[in-house]
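Chain and residue survey
Here's the letter readout for the chains.
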Amino acid sequence: MVIQNCAERKETGTDFKSDFLRSHIETTSLQKILLACGSAIMSLYSPMRGDMIAIMGETAGTSAMKYMLEKMKISQEGQEILKIRPRINSKTVNLPQLANLPEGTLGKTYVNFLNKNNVTPDSRLQVQFVDDIELAYVIQRYREVHDLVHAILNMPTNMLGEVTVKWVEAFQTRLPMCIGGAVFGAMRLSPKQRKLYVASYLPWAIQTGTTSSFLMNVFFEKRWDQPVNDLLQELNIQPMKT
């Protein structure tokens with residue numbers, strides 16, 4: 001199977017509850033505020049600091065996490081994700097098997113994206129500062145499906161692609177780090193990228209973020225062999241015309 005069963009996930013150390021208990025750091029409200037402010041400043045100064053962006057997401061996004069959790073609870077597929085708490089990394093997903101799937105399927109598209117952009121699913125940090133295990137899983141899931149969102153939207157990992165995806169995620173999740181990344185990331189676009197951004201990418205991202213189905217409710221691991229075009233149609237996403 002492409003996704004391993006629960007027993008296998010525990011054996012390989014990828015069971016979420018075990019990882020949560022091992023990595024969780026108890027913090028007071030004041031400490032969370034200080035972490036949120038410090039990480040926000042560092043993220044603006046150095047947008048490539050993924051650790052700072054992650055901390056800001058955990059310490060400044062509680063209300064957004066609750067919103068995302070409720071959105072998942074009202075979806076049958078979202079409920080299943082919350083119950084099983086699947087993880088997406090090289091221990092839980094058989095990447096070589098996905099690479100053998102037909103072109104145009106979700107699994108093949110995902111592997112192609114990883115290879116083309118030299119990205120690994122093991123790069124997502126474990127949540128540390130979220131006290132509630134359900135909310136912690138929600139933000140962990142958000143991180144681990146981020147590359148899948150890139151892949152199905154056909155967005156590269158350059159600044160233009162990242163800002164575009166952040167706008168989609170900002171409207172869908174309401175996470176402050178997504179809103180900040182979308183707004184401030186756009187300021188770092190080159191003149192050529194900014195022209196494309198204003199004319200095409202931003203309007204498309206706004207439309208996609210506000211009219212598409214909630215992406216966190218997609219159990220991607222059960223859809224590896226689904227054609228991406230069919231998935232996009234199901235999610236009410238119009239591919240961007242470039």
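Residues numbered from 1 in each chain as written. Predicted model: local features only at pLDDT ≥ 70, side-chain atom pairs only at ≥ 80, totals over all residues. Heavy atoms only, no water.

The name given to the chain in an unreviewed UniProt entry is Ubiquinone biosynthesis protein COQ4 homolog, mitochondrial, with the source organism recorded as Gryllus longicercus. The record in UniProt for the chain states the following under Subcellular location (unreviewed entry): "Mitochondrion inner membrane". Looking at the chain in UniProt, the text filed under Catalytic activity (unreviewed entry) is "a 4-hydroxy-3-methoxy-5-(all-trans-polyprenyl)benzoate + H(+) = a 2-methoxy-6-(all-trans-polyprenyl)phenol + CO2". (UniProt positions renumbered as here; feature names shortened; annotations may be inferred.)

Here the focus is a nonpolar patch on the surface. Residues Ile179, Val183, Phe184 and Met187 make up a contiguous nonpolar surface patch of roughly 360 Å² in combined accessible area. Within the secondary structure, methionine 187 is located in the loop between α11 (176–186) and α12 (191–211). The exposure class assigned to methionine 187 is exposed, which follows from its relative accessible area of 57%. (Patch = residues over 30% accessible without salt bridge, like charges linked within 9 Å, V, L, I, M, F, W, Y side chains within 5 Å. Areas by Shrake-Rupley, 256 points an atom, 1.4 Å probe, with all protein chains shown as cover. Salt bridge = Lys/Arg side-chain N within 4 Å of Asp/Glu carboxyl O. Helix = DSSP H or I, 4+ residues; strand = E, 2+ residues; numbered from the N terminus. Buried < 20%, exposed > 50% of the residue type's maximum accessible area, 1.4 Å probe, protein only.)

Moving on, we get to the packing of helix α10 (residues 159–173) against α12. As a packed pair, α10 and α12 sit with axes 8 Å apart at the nearest point and diverge in direction by 25°. With respect to their mutual orientation, α10 and α12 come out roughly parallel. Considering the relative orientation of α10 and α12, their crossing is right-handed. Along the contact surface, α10 presents Met159, Leu160, Val163, Thr164, Trp167, Val168, Phe171 and Gln172, while α12 presents Gln193, Leu196, Tyr197, Tyr201, Leu202, Trp204, Ala205, Ile206, Thr208, Gly209 and Thr210. Class assignment for the residues of the contact of α10 with α12 results in 13 nonpolar, 6 polar and no charged. (Axes fitted to C-alpha atoms, helices over the stretch in contact; angles between N-to-C directions. Parallel < 35°, antiparallel > 145°, perpendicular 65-115°, else oblique. Left-handed = near helix turned anticlockwise from the far one by under 90°. Contact = heavy atoms within 4.5 Å. Nonpolar A, V, L, I, M, F, W, Y, C, P; charged D, E, K, R; others polar.)

Within the largest apolar cluster, 63 residues are counted, with the highest numbers of intra-cluster contacts made by Ile152 and Tyr197. With 12 residues, helix α9 (residues 133–153) is the single largest residue contributor to this core. Non-local contacts of isoleucine 152, meaning those with residues more than four positions away in its chain, are made with Leu106, Phe220, Val228, Leu231, Leu232 and Leu235. (Core = buried A, V, L, I, M, F, W, Y, C linked by side-chain atoms within 4.5 Å.)

A few words on the environment of aspartate 132. Looking at the element boundaries, aspartate 132 is found in the loop between α8 (106–116) and α9. In this structure, the C-alpha to C-alpha distance between aspartate 132 and histidine 24, residues 108 residues apart in sequence, is 9.9 Å. From its side chain, aspartate 132 meets the backbone nitrogen of glutamate 134 in a polar contact 2.9 Å long. Side-chain polar atoms of aspartate 132 contact the backbone nitrogen of leucine 135, separated by 3.0 Å. (Polar contact = N/O pair within 3.5 Å; in protein donor to acceptor, adjacent residues only side chain to side chain.)

The next thing to look at is the UniProt feature "binding site: Zn(2+)" (unreviewed entry) in the chain. In the numbering used here, UniProt assigns the feature "binding site: Zn(2+)" (unreviewed entry) to His146, Asp147, His150 and Glu162. Across 17 residues of sequence, these annotated residues stay compact in space, with a maximum C-alpha separation of 10.3 Å. Within the secondary structure layout, aspartate 147 lies in helix α9. When residues no more than four places from it in sequence are discounted, the contact partners of aspartate 147 are Tyr110, Phe113, Leu114, Val119, Thr120 and Arg124.

With that settled, consider helix α6 (residues 76–84). Residues of α6 that are buried: Gly78, Ile81 and Leu82. Mapping the buried residues of α6 onto a view down its axis gives an arc of 95°, with all of them on the same face. Across from the buried face of α6, at angles greater than 90 degrees, the exposed residues are Gln76 and Lys83. Between a side-chain oxygen at the N-terminus of α6 and the backbone nitrogen of glutamate 77 the separation is 3.3 Å; the capping residue is serine 75. In the segment just after α6, arginine 85 is the residue with positive phi, at about 55°. (Arc of directions from axis to C-beta.)

Moving on: the side chain of histidine 150. Here histidine 150 shows up in helix α9. Since its relative accessible area comes to 0%, histidine 150 is described here as buried. At 3.3 Å, the side chain of histidine 150 forms a polar contact with the backbone oxygen of proline 156. Not counting chain neighbours up to four residues away, the residues in contact with histidine 150 comprise Phe113, Met155, Pro156, Thr157, Gly161, Glu162 and Val165.

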